[in-house]
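Working through the structure, step by step
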Amino acid sequence: MEIHDEVGLNSLLGDYVCYDEQQINSRGIWFGDHPLEFSMPSLLLQLSLVSVITRLIYLALKPFGQPLIVSQILGGVVLGPSILGQNTAFLTNVFPKRGRYIVDTFSVFGLTLFIFLIGVKMDPGMVLRSGRKALAIGVLGFFIPYGLASFVAFLLERFLSLDNELSTVLPTIIMMQSMASFPVIACFLEELKILNSEIGRLASSSSIICDICHWTIISVQYAVKLAMSRSFKLSVGSFLSAALYVVVIVFGIRPAALWVIRHTPEGRPVKRRYIFAVLLAVMCFGLIGEVIGLSSFFASLVFGLVIPDGPPLGAALVEKLDSIVSVLLMPLFFTGCGLQMDVFAIEKLGNVGVIQLVVLVAFIGKILGTMLPPLCCRMPLRDAFSLGLIMNSKGIVELALLNEWKQSNVLNDEFYAVLMISVVLVTGVISPIVKVLYDPSKRYVAYKRRTILHLRQNEELRVLACVHSQENVRPIMTLVQVSGPTRENPVNLIVLHLVKLLGRASSLLIPHREREKPSLNPTLSERIFNSFKKLEQQSHGRLMLHCYKGISPYATMHNDVCSLALEKRTILVIVPFHKHWVHGQRVETSYAFRHLNKNVLDKAPCSVGILIDRGSKKARYVIADPSSYRIVVLFFGGADDREALAYAQRMSLHPSVMLTLIRFTAASSSNLSFGGTERSKMLDADILSDFKLNTLGCERVWYREEAVANGMDVVAITRSVLENNYDLVMVGRRHADSSIMFQLGKWSQRGELGAIGEIVASSDFECGVSALVVQQQTRLWGLHDPEESTRLRKIDF
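Summary of the structure given here. Everything quoted here is computed from the prediction, not taken from an experiment.

Conventions used here
- Note that residues are indexed from 1 along each chain, following the sequence as it is written.
- Owing to the predicted nature of the model, reporting of local features is limited to residues with pLDDT of at least 70; listing and counting of side-chain atom pairs is limited to 80 or more, with chain, interface and lining totals taken over all residues.
- The side-chain numbers reported here are obtained from all heavy atoms of the structure, hydrogens and water having been left aside.
- Each helix is a run of DSSP H or I of at least 4 residues and each strand a run of E of at least 2, with the numbering of both proceeding from the N terminus.
- Accessibility here uses a 1.4 Å probe with only protein chains present; expressed as a share of the type maximum, an area under 20% marks a residue as buried, one over 50% as exposed, and anything in between as partly exposed.
- By definition, residues are in contact when any of their heavy atoms lie within 4.5 Å.
- Accessible areas in this description were obtained via Shrake-Rupley with a 1.4 Å probe; residue shielding takes into account the shown protein chains only.
- In plain words, nonpolar cores are sets of buried Ala, Val, Leu, Ile, Met, Phe, Trp, Tyr and Cys residues tied together by side-chain atoms within 4.5 Å.
- A fitted line through C-alpha atoms serves as each axis, taken over the contacting stretch for helices, and the angle formed by two N-to-C directions is quoted from 0 to 180°.
- Note on angle classes: values under 35 degrees are labelled roughly parallel, values over 145 roughly antiparallel, values of 65 to 115 roughly perpendicular, and the remainder oblique.
- A crossing counts as left-handed when the near helix is turned anticlockwise from the far one by less than a right angle, and as right-handed when that turn is clockwise.
- Here the term charged refers only to Asp, Glu, Lys and Arg, the term nonpolar to Ala, Val, Leu, Ile, Met, Phe, Trp, Tyr, Cys and Pro, and the term polar to all other amino acids, Gly among them.
- Note on ring pairs: Phe, Tyr and Trp rings are taken, using the six-membered ring of Trp, and paired if centres are within 6.5 Å. Classes follow the plane angle, with under 30 degrees stacked, over 60 edge-to-face and the rest tilted.
- Salt bridge, as used here: a side-chain nitrogen of Lys or Arg that lies within 4 Å of a carboxyl oxygen of Asp or Glu.
- Here Asp and Glu are counted as negative and Lys and Arg as positive; His is not counted, and neither are the chain ends.
- Think of a polar contact as two N or O atoms within 3.5 Å of one another; within protein, one of them needs to be a possible hydrogen donor and the other a possible acceptor, and neighboring residues in sequence only count if both atoms come from side chains.
- Any two strands are treated as partners once DSSP identifies two or more bridges connecting them.
- Residues enter a patch when their relative accessible area is above 30% and they make no salt bridge; the linking distance is 9 Å between like charges and 5 Å between nonpolar side chains (Val, Leu, Ile, Met, Phe, Trp, Tyr).
- By convention, the point assigned to a charge is CZ for Arg, NZ for Lys, CD for Glu and CG for Asp.
- Two cysteine sulfurs form what is called a disulfide whenever their separation falls within 2.5 Å.
- Handedness of a crossover is defined as follows: orient the strands so they point away from the viewer, and if the path from the first strand over the helix to the second runs clockwise, the crossover is right-handed.

**A look at the overall build of the chain**
A count of helices and strands for the chain gives 27 helices and 16 strands. Residues classed as buried in the chain amount to 54% of the 797 residues present. Restricting the contact set of the chain to residue pairs at least 6 apart, pairs at least 24 apart contribute 81%. As displayed, the chain offers around 37000 Å² of accessible surface, 59% of which is attributable to carbon and sulfur atoms.

**Details of the nonpolar core**
Ranked by size, the top nonpolar core spans 85 residues in total, and within it F116, F303, I307, F333, I396, L399 and L402 carry the most contacts. The biggest single contributor to this core is helix α14 (residues 313-339), with eleven residues. In contact with L399, not counting residues within four places along its chain, are I69, I73, F333, F334, C337, M420 and V423.

**A few points about the packing of helix α7 (residues 131-159) against helix α15 (residues 349-376)**
As a packed pair, α7 and α15 sit with axes 7 Å apart at the nearest point and diverge in direction by 150°. Judged by the angle between their axes, α7 and α15 are roughly antiparallel. α7 and α15 meet at a crossing whose hand is right-handed. For the pair formed by α7 and α15, the contact residues are K133, A136, I137, L140, G141, F142, I144, P145, L148, A149, V152 and L156 on the first element and V354, L357, V358, V361, A362, G365, K366, G369, T370, L372, P373 and P374 on the second. Here the contact of α7 with α15 is built from residues that sort into 18 nonpolar, four polar and two charged.

**What to know about the environment of C337**
Along the chain, C337 falls in helix α14. For the pair C337 and G80, spaced 257 residues apart in sequence, the C-alpha separation works out to 9.3 Å. Not counting residues up to four positions away in its chain, the partners in contact with C337 are L399, N403, Y416 and M420.

**Thoughts on the packing of aromatic side chains**
One pair of aromatic rings is described through two measures. These are the centre distance and the angle between the planes. Applying the stated criterion across every chain, the model contains eight aromatic pairs. Seen from their ring centres, F636 and F664 are 4.3 Å apart, and the 5° between their planes marks the pair as stacked. Of this pair, F636 sits in the loop between β12 (629-635) and α23 (639-651) while F664 sits in strand β13 (residues 657-666), and the two are 28 residues apart along the sequence. Cluster of aromatic residues (ring-pair linked, three or more members): F116, Y245, F285 and F303.

**As for the pattern of salt bridges**
Under the definition given, this model contains nine salt bridges. The partner of E460 in a salt bridge is R462, with the nearest N and O atoms 3.8 Å apart. Owing to a relative accessible area of 22%, E460 belongs among the partly exposed residues under this scheme. When its relative accessible area of 9% is taken as the criterion, R462 is described as buried. Note that R642 and D684 form a salt bridge whose closest N and O atoms lie 2.6 Å from each other. With R642 in helix α23 and D684 in helix α24 (residues 678-694), this pair connects stretches of sequence that are 42 residues apart. The residues R642 and D684 share a single accessibility class, namely buried. Sharing partners across several salt bridges, the network here consists of E459, E460 and R462.

**Concerning unusual backbone geometry**
As a rule of thumb, non-glycine residues mostly have phi less than zero, and peptide bonds are mostly trans rather than cis. Despite not being glycine, K193 has its phi angle at roughly 60°, a positive value. Mapped onto the elements of the fold, K193 is located in the loop between α9 (182-192) and α10 (198-229). In the Ramachandran plot, R378 falls in the positive-phi region, its phi being about 65° despite a non-glycine side chain. Relative to the helices and strands, R378 resides in the loop between α15 and α16 (381-391). On the basis of relative accessibility, which here comes to 78%, the residue R378 falls in the exposed class.

**A few points about the side chain of R733**
With respect to the element layout, R733 can be found in the loop between β15 (728-732) and α26 (739-748). Comment: no salt bridge for buried R733; closest opposite-charge side chain is D602, at 5.2 Å. There is a polar contact of 2.5 Å between the side chain of R733 and the side chain of Q775. Discounting residues that sit within four places of it in the chain, R733 has contacts with L601, D640, E752, L753, G754, A755, V773, V774 and Q775.

**Quick notes on the environment of D211**
Looking at the secondary structure, you find D211 in helix α10. A relative accessible area of 10% places D211 in the buried class. Counting along the chain gives 31 residues from D211 to A180, while the straight-line C-alpha distance between them is 6.4 Å. Ignoring sequence-local partners within four residues, the contact set of D211 consists of A180, S181, F182 and P183.

**Topic: helix α21 (residues 557-567)**
Burial of α21 is extensive: ten of the eleven residues sit out of reach of the surface. Restricting attention to buried positions, one finds in α21 the residues M557, H558, N559, D560, V561, C562, S563, L564, A565 and L566. Positive backbone phi, approximately 55°, marks R569, located one or two places after α21.

**Digging into the sheet that holds strand β5 (residues 491-500)**
Read from one edge to the other, the open sheet built from eleven strands follows the order β6-β7-β5-β4-β8-β11-β16-β15-β12-β13-β14, with strand pairing classed as mixed. The open sheet has two free edges, formed respectively by β6 (508-511) and β14 (701-708), since each of these has just one partner strand. When strand polarity is set aside, the average angle formed by the axes of neighbouring strands in this sheet is 20°. Two strands pair when backbone bridges link them, and strand β4 (residues 461-467) and β5 are joined in this way by seven bridges, in the parallel orientation. Along β5, the bridge assignment pairs L464 with I494. Strands in contact with α23 are β4, β5, β8 (572-576), β11 (607-612), β12, β13, β15 and β16 (770-775); relative to β15, the strand with the most contacts, it is inclined by about 145°. The strands touched by helix α27 (residues 754-761) are β11, β12, β15 and β16; relative to β15, the strand with the most contacts, the crossing angle is about 160°.

**Some words on the environment of I261**
Secondary-structure assignment places I261 in helix α11 (residues 232-262). I261 sits 52 residues away from L313 along the chain, and the two C-alpha atoms are 6.4 Å apart. Apart from the residues within four sequence positions on either side, I261 is in contact with P308, P312 and L313.

**Examining the side chain of N489**
Tracing the backbone through its elements, the reader meets N489 in the loop between α19 (473-481) and β5. The buried category is assigned to N489, whose relative accessible area is 16%. If we skip the residues at most four places from it in the chain, N489 touches Q457, N458, E459, G484 and R650.

**Comments concerning a positive patch on the surface**
Residues R55, K62, K193 and K435 make up a contiguous surface patch of positive charge. Following the sequence through the fold, K62 ends up in the loop between α2 (40-61) and α3 (68-79).

**Here's the deal with the state of the cysteines**
One pass over the structure, following the stated rule, counts zero disulfides. No disulfide involves C213; its sulfur sits 6.2 Å from the nearest other cysteine sulfur, which is in C210. Of all cysteine sulfurs in the structure, the one in C377 sits closest to C376, which takes part in no disulfide; the separation is 6.7 Å.

**Digging into the pairing of β12**
The element β12 is largely enclosed, with a buried count of six among its seven residues. For β12 and β13, the ladder comprises seven bridges, and the chain directions are parallel. Bridge pairing links V633 to L661 in β13. Once you follow β12 into α23 and on to β13, the crossover reads as right-handed.

Shown next, in the form of structure tokens:
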């Protein structure tokens, strides 16, 4: 079987390739009668060069906010005929033309698996949940650039004498520039770390609508072309074979995938034979798709769409394949695209100007089409413009189309190089601009005080409780129970189950909906929510419950927490500590949770409490158990300590709570002090006076002062408190800079809990007492320092 140089990837994949031991000699592998100049050392050399060059370019462009795809394409350009490939000896020895078929085969194989994984990660149900705004953005974002670019192309053909080859390829270019592919948008949002932001979710939904418009037009054009070029009988046969192919996948593979999911216990991995069967089916259906005239990429996407996203099957496939595809195979594809690009093939500057004009018009048209619906819905101009830029991003799908068109001679070398340059320029310009314009955390600024200290007497306490697993349920329920809910002052509890994004391409933040019929095998989220629903039923109207589920990457999970806190106007956000104890022994440390907690502390629009659960044997549900619940507050002074004391004072209204307030003061013989401004000290004195006045005569509340001379005295008193059979210790996170806090900071190696919080959470204290480290609201519109003024002042973002 003879393979010529001009044979494309589709022809290469469609041919039957075989080799045996006699066909492998010292030169490498033989394809038919032609030896391929390939050996394992040469392949390793190619991979090493690609990796090193790409990495160096990425490090050089990283300060300018460039995405990885730009460096990967430029790596191929550097190694290709545009730069290093100008040296004939280098190109012959490192990237021989016939030896490049192996690299091309690996890259196409990787692209097929990548498209399959994108299909697995996609949720087709997003189309039904998109809403009118996403529908309008998707439709206008496709047809406005398509119409404007087509009109400009018509004018150019009418008034200029364009080359016949350019006139033929312009409709193809217009179609590519009008599309906004979901795989590209999802990868772009993930790299910018805004996948679960408001614009990220809107862009994901809109890109699916835009994809549907694009593929509908393509299908209609293909059907018309097929009907005009072939007989009616052959056209009907092609349509029926494609329809039968899709029906077999939907009604054959989908039930099989659901069967695998049903027979995989929750929390257990999918069996390897099922993973192998899926991969084998992908290859077989890709081959069948090529035989009946469908692209293997389209077949892989359809096959991936019928696999349910998320755990267990979708997540298992992504976990098994994502590393090898994204780290090894896809860089080969991107580099292969760059290797085929020769900037010296650009000879006619007029053609370059025409193509770039069409690209620019489509770019502007997409921005206009994308911005109109959000602006009508009163979205800020900066956010709407950022959304328009995101929808213009280019990536893997556009490169795959360009590569396929070049192999099938739709594009010549000149047009291919021009379009590759436009892809790199558009993506390279968009990324840093979006990073500058759009910061999701700027939205998380409240317009009024959202603290327990400033809560009105008859106002409900709105609490957002974040839950990672069932181990977090009991301590949060106990904390909610002792928060003093009454019919006059109820607790409005929002429970957010945070789940890591696995096997999905888009994040979710949705309210929980109960099933019509209870399941015998409830999911983890259902078990968590059912526990809180029982608590709501026991409260008899003193507790109102709302359940949400957020699925997002750990790196941006704080966006779900902060956006929900802002939307629900919560007063307090409770997040579990990143260390988990069982009966005083540390059993788990999650650095992902630590990163989440840090971001929540920095960006939350209200007060935040980090709940440290040591797995106390005494832990219980207070309402069910009438015995006392002992709380101690360590008060050093400052806004956070005042917030902790305000929360504890509310808890003291519960008949089962016994509260002790310990105020630390500097010993008279010591030069140490706790610092703080005069206004802060005045506010401390005011809240302590109110506390003494309001709890006067209450037998369940005690107040005492402890004079300390150095940091070790604080540690000793704290140790004695933790060993004194308390159930909960409360302390503020931040304190004013002072000599004593400096000593404590050195002792505790200050972390995100602050000096005192780190001491309380230290594993050196083998006790069963839980702790709540409180931080008062830090982000308030118009207020730079909460202790200086309560008047609102306008600030610029």
